Amino acid sequence: MESIQVSLQGESSQALPKGITAKAALEKLKGAVPPEVFAVKANGVEIDLLAPLEIDATLQPLGFDSPEGKEIYRHSSTHIMAQAVKECFPSAQLTIGPAIEEGFFYDFAFERPFTPDDLEKIEARAFEIINRNLSVSRREFSKAEAIEFFKNRGEFYKVELIQGFPDGEPVSAYTQGDFVDLCRGPHLPATGYVKAFKLLNSAGAYWRGDERNPMLQRLYGTSFPSKEALQAYLDNLEEIKRRDHRKLGKDLDLFSIQDETGPGLILWHPKGAQIRLLIENFWREQHLANQYELVYSPHVARLDLWKTSGHVDFYKENMYAPMPVESSEYQLKPMNCPFHIMVYKSHLRSYRDLPIRYGELGTVYRYERSGVLHGLMRVRGFTQDDAHLFCRPDQLGEEVQKVLKFITGMLGTFGFTEFKMFLSTRPEKAVGTIDQWDQATLALETALKSGGYTYQEDPGEGVFYGPKIDVKIQDALGRSWQCSTVQVDFNNPERFGLTYVGDDGKTHQPIMIHRALLGSIERFFGILLEHFGGAFPAWLAPVQVTILPISEKHQGYAQEVEKSLRQEGCRVALDLRNEKIGLKIREAEKAKIPFMIVVGDREAEAKMVAVRQRNGKNLGTMPIIDLVTLIREDMPEAVRKGSLLFE
RNA sequence: GCUGGCGUAGCUCAAUCGGUAGAGCAGCGGUUUUGUAAACCGCAGGUCGGAGGUUCAAUUCCUCUCGCCAGCUCCA
């Protein structure tokens, strides 16, 4: 019999008969295969546990603990859900059903939306299918056979999918019981491998994501190798709900969005405004310290400006309609860039002047379709922490590098230390020469590499005017958010005819960099709010200390304490209500005020304060100045110093 | 914008299978003078998101509209 060489990663190989299943090979190499292993990577390709090995192979067992294994597990789970749907509702047609980050979904063509009752039925049936422990097997068709097969089964969406496949390549399908689905695989060996399964919700989705196509019924679910892991996931969902910035914003009285003002437009209440002010002050200090110049620009401008910038052509759907003013038209600004460009243009510039860095907390208005608005995260009026850098081509790399340091420094100050960087390259529809793109992309790449950042490439995801780097941060619940962006632009300098005089006495075109560190203040505030669950660190808390007198006779001393703290620059509240101390503490806790001071006879006599933290920890009695020190020590270095060079 | 769900007091939520709504908290008045997560009593508070229709009668049924929520799509 023919034999092949098979090995586990990093171990010596054994000769095994050709055609042996991956599972049998693993048994020969390593002994019995535990149920946690349900698929294999052979020479880097994921295959079924029962797939035959035809060539020499290095094997790597896959379980739920690997990203590939997790995807296989979820993918098989979605097949189980699909089988359950077909058994409950035979007229539903299969479309697609991939694994996603936290679980899986499957889209069905069905005559009506699934009701909560339907979901229960489907879930119950899915459990049954898991208990049947159906073995899952793979078969291959030619393209024509596959089309015929799925046509006979009445799965016309599948037929459409297969018709889009390349000719001449085999088409695979997986069978479990009576259920057959078109699928690349691999899959779990049997349905019983799924230990914890849950249907989460249903929603509409368009066939192939295009709103002109029919609406399908999408079912979301998730699965885990243990009940405990599923429960932990569900608990996390609860925690996310508890931390929802819309709920916290209301509970803590930070902001509101009201019908009468209009959707997507934020009203900042005093406490929210206080936090925002702290963020903005810090932002301005840092920009001045890092050699940015701050500018201000108007909220409307002549429509002609937006024609020059290209926004009227490329950004129209997100812009509000222009308004007539005297004999010309004006446009509410969707971006800040043209204004900064006009500031640059107000002088003749020398190569010695560059780089020039203009920064502004610039409020812009963008029309967003009503269905996409979401609390502070997606709004119609927002403030970008915008800056535009104008530099010579030879300065591009260094400038980008500085921006990246500024990003990590700034976000780090707010407690975000996990960064993921993405380099987006030339999209199909783009302006500028290939040479310009190559040069700019190289500059971004070099900046990433020399900064020691790991990054991922997003080919074709750049903006039409230049490549960009996006930075995503990770919050306390492990979710990632894109805040910062650095975009190279050779389009606008061209459109606006920007120049500088070089050392050769000739005019040259500067390169522009658009960048934001926080993205938008609204959105960043929402992210911060959820990250801290509303319990802002003392340096950001709208009220840092609240003073709680035991009874009316301690009001005098409480007011003295208030005055001292205020003089030290602390943000203080004083609760003079005729209420018991327990109630005052309860409410201070709910308001998530970092420090509470209880003052009664003992404190008044000793001229001290009894300090309690919002986590319930009692810090005991101390002089007022010690509390001031505690609050100051909580400040990040950059905030305490007023400025820090992120270089 | 599309699909589905939902709009009742400042907030969180009840109720009415068509006969104009109720609780807790918050607010106001009073009693209490209080030691680390809710003292007690009382009062007031709503054109039941808005407009139209059906009906003797609409918060309830129908139509339209505005907004919110989930998802699609898009994005700071």
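Residues numbered from 1 in each chain as written. Chains lettered and ligands numbered in written order. Predicted model: local features only at pLDDT ≥ 70, side-chain atom pairs only at ≥ 80, totals over all residues. Heavy atoms only, no water.

Student: Can you lay out the protein's contact with RNA strand B for me, pointing to particular residues and giving the numbers?
Tutor: Among the 49 residues in the neighbourhood of RNA strand B, the closest are listed as S370, R378, N578, R586 and E603. Counted by atom, the contact set of RNA strand B within 4 Å of the protein is 47% sugar and phosphate. Note that a sugar or linking oxygen of RNA strand B is positioned 2.9 Å from one of the side-chain N or O atoms of Y220. A distance of 3.5 Å is found between a base oxygen of RNA strand B and a side-chain nitrogen or oxygen belonging to R369. Listed by contribution, the elements that provide at least two residues to the surface near RNA strand B are β12 (196–206), β13 (215–224), α7 (245–251), β28 (511–520), α17 (581–590), α18 (601–606) and β32 (609–613). Ranked by residue count, the leading element in the surface near RNA strand B is α17, at six residues. (Near = heavy atom within 4 Å. Polar contact = N/O pair within 3.5 Å; in protein donor to acceptor, adjacent residues only side chain to side chain. Helix = DSSP H or I, 4+ residues; strand = E, 2+ residues; numbered from the N terminus.)

Student: How would you explain the sheet that holds strand β1 (residues 3–8) if you had to name every residue and give the values?
Tutor: Whether parallel or antiparallel, the strands of a sheet pair through hydrogen bonds between backbone atoms. Pairing within the open sheet is mixed, and its five strands lie in the order β2-β1-β5-β3-β4. Bordering the open sheet on either side are β2 (14–17) and β4 (45–48), each of which pairs with just one other strand. Taking each pair of neighbouring strands and ignoring which way they run, the sheet shows an average axis angle of 40°. Looking at chain direction, strand β3 (residues 39–42) and strand β5 (residues 57–62) are connected through four bridges and run antiparallel. Bridged to V40 within β5 is P61. Packed onto the sheet, helix α2 (residues 67–88) meets β3, β4 and β5 and runs at close to 65° relative to β5. (Pairing = 2+ DSSP bridges. Axes fitted to C-alpha atoms, helices over the stretch in contact; angles between N-to-C directions. Contact = heavy atoms within 4.5 Å.)

Student: Can you break down the side chain of S484 residue by residue, with the values?
Tutor: Within the secondary structure layout, S484 lies in strand β25 (residues 480–489). Given the relative accessible area of 0%, S484 is considered buried. At 2.6 Å, the side chain of S484 and the backbone oxygen of L517 are in polar contact. The contact partners of S484, leaving out residues within four places of it in the chain, are I407, L411, I469, D470, V471, A516 and L517. (Buried < 20%, exposed > 50% of the residue type's maximum accessible area, 1.4 Å probe, protein only.)

Student: I'd like to hear about the nonpolar core, residue by residue, with values.
Tutor: Counting residues in hydrophobic clusters, the biggest one holds 63 residues, and the most contacted among them are L396, L404, F414, I469, L518 and L540. Counting residues per element, this core draws most heavily on helix α12 (residues 396–413), which supplies eight residues. In contact with L518, other than residues within four places in its own chain, are I279, W283, D385, M410, L411, F414, C483 and F524. Residues A39, C88, A126 and F224 belong to the second largest nonpolar core, which totals 37 residues. (Core = buried A, V, L, I, M, F, W, Y, C linked by side-chain atoms within 4.5 Å.)

Student: Tell me about the sheet that holds strand β33 (residues 618–622), residues and numbers included.
Tutor: On the basis of which strands lie adjacent, the open sheet formed by five strands has the order β30-β29-β31-β32-β33 and mixed pairing. Where the open sheet ends on each side, the last strands, each with one partner, are β30 (572–574) and β33. Across the sheet, the mean angle from the axis of one strand to that of its neighbour is 25°, orientation sign disregarded. Seen against the sheet, helix α16 (residues 555–567) touches β29 (545–549), β30, β31 (595–599) and β32 and runs at an angle of roughly 165° to β29. Most of the contacts of helix α19 (residues 624–633) go to β33, to which it runs at about 135°, and overall it touches β29, β31, β32 and β33.

Student: Report on the confidence of the model for chain A, specifying residues and quantitative values.
Tutor: Confidence in the prediction of chain A, expressed as mean pLDDT, is 91, and 99% of residues score 70 or more. Across the whole predicted complex the pTM is 0.90, and at the interface the ipTM reaches 0.93. (pLDDT = per-residue confidence, 0-100.)

Student: Explain helix α8 (residues 270–289) residue by residue, including any values.
Tutor: Working note: α-helix, 3.6 residues per turn, so residues spaced by three or four point in the same direction. Over its 20 residues, α8 extends 28 Å from the first C-alpha to the last, a length consistent with the 28 Å expected when each residue adds 1.5 Å. Every buried residue of α8 is accounted for by G272, I275, R276, L278, I279, E280, F282, W283, Q286 and H287. One or two positions beyond α8, positive phi appears at Q291, with a value near 65°. (Expected span 1.5 Å × (residues − 1).)

Student: Please set out the pattern of salt bridges residue by residue, giving values where relevant.
Tutor: In this structure the tally under the stated criterion is 35 salt bridges. Taking the shortest distance from any N to any O, the salt bridge between R392 and D394 comes out at 3.0 Å. You can call R392 buried: its relative accessible area is 18%. Between E587 and R577 there is a salt bridge; the shortest N-O distance is 2.9 Å. Here E587, found in helix α17, pairs with R577, found in the loop between β30 and α17; they are ten residues apart in sequence, far enough to count as distant. Residues joined in a network through salt bridges with shared partners are E87, R125, E128 and R132. (Salt bridge = Lys/Arg side-chain N within 4 Å of Asp/Glu carboxyl O.)

Student: Account for the environment of A476, with residues named and values stated.
Tutor: By the secondary structure assignment, A476 is in the loop between β24 (468–474) and β25. The spatial distance from the C-alpha of A476 to the C-alpha of A604 is 40 Å, given a sequence separation of 128 residues. Among all residues touching A476, those that are not within four sequence positions of it are R243 and H531.

Student: Break down the packing of aromatic side chains for me, with residues and values.
Tutor: The full count for this structure, using the stated rule, is 31 aromatic pairs. Judged by centre distance (5.7 Å) and plane angle (75°), the ring pair of W306 and F339 falls under edge-to-face. Remark: F339 occurs in helix α11 (residues 337–345) and W306 occurs in helix α9 (residues 303–309); sequence separation between them is 33 residues. You can call W306 buried: its relative accessible area is 0%. For the ring pair F414 and W539, a centre distance of 5.4 Å and an interplane angle of 40° mean the geometry is tilted. Here the residue F414 occupies a position in the loop between α12 and β22 (419–424), and W539 occupies one in the loop between α15 (521–531) and β29, the gap between them amounting to 125 residues. Look at W539 and you get buried, because its relative accessible area is 5%. Joined through ring pairs, the aromatic side chains of F38, F64, Y73, F224 and Y233 make up one cluster. (Phe/Tyr/Trp six-rings, centres within 6.5 Å; stacked < 30°, edge-to-face > 60°.)

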